[in-house]
Amino acid sequence: METVKQTFSVANLYLNASADTIHQHLINTKGIVTVTVTLSDRNVTVEYDPTIITADIIIEKIKACGYHAYTREIPTSDFLIQQDTKNPKKPNYRILFVFVFEVILLAILWILHITPWIGLLFSIHSLYVGRVIFMHAKKEIQKKNLSSATIDSIAIGISFFYGIFLTIQNTVNAYPFMISMITILGTNLYKTKYLKYMQQTSTTSLNIKQYIPENTAVFNKTGEVIEETSQLKKNQILIIRPNENIPCDGIVVEGYASVDESTLTGVQSNITKSEGSYVYAGTRCIQGSLQIKVEKIGEKTTLLQFAKLAKETANDKSFDSPFKNFSKYLFLYSIIAAIILFFGWILVGKSFSIAISVSIAVLASVAMNALTIASEKEVLEKAIYAAKNHVLFRNVDALETAGKAETLFLEQDDILIASKPEVTDFIPLEETDLNIMRYIAYTLSNKRHDSYSRAITRYLKSQKISSVNLSVLTNFQKTHQTDMIQSTYQLNNTHDFSNTDIINSTINQMIDELTNQGKTVFILIGENQALGLIATQRPIVPNSLQAIHSLKELTDVHLFAHGNIKEIQYIKHTCDIENIHANVDMNEKENLIKSCSHDSISMYANADSSSSSSTADVNIQFGISQDLDSEDNDIILTRKRLSDLVFAIQTSAKLNEQIQFKQIAIIAYHVLAVVLFGFITPIFFDIPLPTILPCITSIYVIRFLFQSHK
């Protein structure tokens, strides 16, 4: 018998008697194996046989005891973005078989010299079926981005109207141009259907709604009630317990808990949340409990905004620079080549029909339609691949430009250097008892609110007093009141401390050694003597040094640093960055970025969501912002890791390489097509030939471009 273990949250479960009632009611139910009621977390864990009883029936059983219950959905968070489980359907090519049948039928009528008026009827039918190509051409013209649909429309128009002209003359030479028109239409429909299929196979769905629980506990005037997440309203108070996923973005109004935000950041880490902290939908409460005031619900939450932006970027068709310009140049080249070949064969004595057929064949053979769909597929794959790795490109322009950047301006805080200092050395002097020094330092730092004092307080909270010296500390506390400690003892930054009578040469040497390591040193003074030294330092973010080394191979790295001279020298020496700009304001930063942007593509990266550069070509934000709608940042790296920036640049560079490869392949193909269909074919044939062969080769090129670099 295979069993399932599932946890249910129960509202208003406070009394042991209530727990016993639920336990007895469930344990005597057929299909239930074990029941565990945890009163502190107000949940019930049930192991049951799913072939006999379901979760919905268990909920009804709990409700029969007088309590509302709901299931806890706790999906794994290994990947924020998962592959779509639905297999894409292969395209239906029935209409193409109809076109093939029409081409064969027209060829037979041509051979049998049947009146071309019959063929004209089939041509009109094909033109109606493939009318979508003219809609695409209209959009290209409106956007002033003439491309494959425009060229195909020109070739179809020439074939159709010249075919009508020959039909009026009742000559069977109208059939080749009817066949050409149907062949071009069929090729275009094949391209459209194949593109749609390839998009389905390469795209992924952002299946992250699984992290939003269906039900949640809401606190109101009557107590705790269970509501569907979709019915939540702003400013409602939610109760979040251990092992529950948070259903909305909101502010903690009461409670203290550890929350796992790996669904957003991709990093398994427990972040402490307390009153005033901001929490995000889809994150998970690990320990403790919270009361949250609802701020954002449903599609407005950060998690679902992330999914929405990733989808929009992946399906962005606004190709710029090489994509758009290459299509324009190839369009002009195709038109010019067709015109030159037309007049060239007229001048050498070929018939008007053969010259027209050569021009149509050259236009039909152009494979830049393959460029468009190949580019879309590459962008689609790269955007989704980046989003799966917690790198969000907001638009195609950012996806393309990042790999071409030559200069990177980097803010140090929370990216290279942690913004919060940590205690690295705690050194007693003059035979000072370590526990007494800790007690004095804690008393002094706990009343101050600067970052260094908070670092000392955090450090001392993590230390345990030795039982050996506990009696000494107890006697010290009895004789020294807290107010007396604050008036008698001092905790001073050695950088600002000038009393040389207290600091001897040995202490001074220790201070110099610590400051040369880029540390900020505090001296604890009491009763005219130095009791100890406390050194703090903002640590280098793990793995950032290796990432800096990789970035220096990709771009010219500039670092905006702030701090005293010793700290900045230590950063420069440790990170091996030559271009360090110390303690500059935003205007100076903008001028520096602007001076580099004239000659190269520049990027500006920071961890402050409210700050971006107006002169940088690409703005990069580290960390999740509460407002993803802002378009100030072009690239969002949800994790504060420099390695993700390296990944973003490399992904962009790889995209550009693949697009360039396809451009070269298309140019090579088109040159061969012009030679083959524009020169060689007319030499050996004195009758106008349909464009079946050019269209078949175009189909082959489309498939080749899709399958290359698979």
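The shown structure was predicted, so the numbers you read here are calculated from the model rather than taken from an experiment.

**Quick notes on the pairing of strand S11 (residues 284–296)**
Thinking step 1. One ladder, built from 4 bridges, connects strand S7 (residues 237–240) with S11; its direction is antiparallel. Residue pairing in the sheet places Ile-239 in a bridge with Gln-291 of S11.
Thinking step 2. As paired elements, strand S8 (residues 249–260) and S11 share 11 bridges and run antiparallel to each other. Bridge pairing links Ser-258 to Gln-287 in S11.

**Concerning the pattern of salt bridges**
Thinking step 1. Enumeration according to the criterion identifies 9 salt bridges in this entry.
Thinking step 2. Between Arg-538 and Asp-413 there is a salt bridge, and its shortest N-O distance comes to 2.8 Å. Of the two residues, Arg-538 is situated in the loop between strand S17 (529–537) and helix H19 (544–554) and Asp-413 in the loop between strand S13 (407–411) and strand S14 (422–428); the sequence distance between them amounts to 125 residues.
Thinking step 3. The salt bridge partner of Arg-639 is Asp-644, with a shortest N-O separation of 2.9 Å.
Thinking step 4. For Arg-639, a relative accessible area of 11% translates into the label buried.
Thinking step 5. Judged by its relative accessible area of 4%, Asp-644 is buried.
Thinking step 6. Salt bridges here are not isolated pairs; linked through shared partners, they connect Arg-639, Arg-641 and Asp-644.

**Some words on the UniProt feature "transmembrane region" (unreviewed entry) in the chain**
Thinking step 1. Annotation from UniProt places "transmembrane region" (unreviewed entry) at residues 93–111, 117–134, 146–168, 174–190, 329–348, 354–374, 664–685 and 691–706.
Thinking step 2. Annotated as residues 117–134, this span is 89% helix and 0% strand, and its ends, taken at the C-alpha atoms, are 24 Å apart.
Thinking step 3. Here residues 664–685 is 95% helix and 0% strand, with 31 Å between the C-alpha atoms at its ends.

**A closer look at the packing of helix H1 (residues 16–27) against helix H2 (residues 55–64)**
Thinking step 1. The interhelical angle for the contact between H1 and H2, taken along N-to-C directions, is 135°, at an axis separation of 9 Å. When the interaxial angle is binned, H1 and H2 end up oblique. Handedness of the crossing formed by H1 with H2: right-handed. Facing H1, whose interface residues are Ile-22, His-25 and Leu-26, H2 presents Ile-58, Lys-61, Ile-62 and Ala-64.

**What about the nonpolar core?**
Thinking step 1. In this structure, Leu-106, Ile-156, Tyr-175, Met-181, Ile-184 and Leu-185 are the most contacted members of the largest nonpolar core, which totals 44 residues.
Thinking step 2. Counting only elements with at least two residues in this core, the list comes to helix H3 (94–111), helix H4 (116–129), helix H6 (148–168), helix H7 (174–202), helix H10 (321–347) and helix H11 (352–365).
Thinking step 3. Setting aside its immediate chain neighbours within four residues, Leu-185 contacts Phe-99, Ser-126, Leu-127, Gly-130, Ile-133 and Ile-156.
Thinking step 4. Formed by 41 residues, the second largest nonpolar core is a distinct cluster that contains Ala-386, Met-603, Leu-642 and Ile-659.

**Describing the sheet that holds S14**
Sheet strands pair by backbone hydrogen bonding; their relative direction is either parallel or antiparallel.
Thinking step 1. Strand order in the open sheet made by the 4 strands is S14-S17-S16-S15, with antiparallel pairing throughout. Each edge of the sheet is formed by a strand with only one pairing partner; in this case those strands are S14 and strand S15 (489–493). Going across the sheet, the axis of each strand differs from the next one's by a mean of 20°, ignoring polarity.
Thinking step 2. Pairing between S15 and strand S16 (residues 520–526): 5 bridges, direction antiparallel. Bridge assignment links Asn-493 to a residue of S16, and that residue is Phe-522.
Thinking step 3. With respect to the sheet, helix H18 (residues 505–516) is in contact with S14, S16 and S17, its orientation differing from that of S17 by roughly 5°.

Criteria and thresholds
Residues numbered from 1 in each chain as written. Predicted model: local features only at pLDDT ≥ 70, side-chain atom pairs only at ≥ 80, totals over all residues. Heavy atoms only, no water. Pairing = 2+ DSSP bridges. Helix = DSSP H or I, 4+ residues; strand = E, 2+ residues; numbered from the N terminus. Salt bridge = Lys/Arg side-chain N within 4 Å of Asp/Glu carboxyl O. Buried < 20%, exposed > 50% of the residue type's maximum accessible area, 1.4 Å probe, protein only. UniProt positions renumbered as here; feature names shortened; annotations may be inferred. Axes fitted to C-alpha atoms, helices over the stretch in contact; angles between N-to-C directions. Parallel < 35°, antiparallel > 145°, perpendicular 65-115°, else oblique. Left-handed = near helix turned anticlockwise from the far one by under 90°. Contact = heavy atoms within 4.5 Å. Core = buried A, V, L, I, M, F, W, Y, C linked by side-chain atoms within 4.5 Å.

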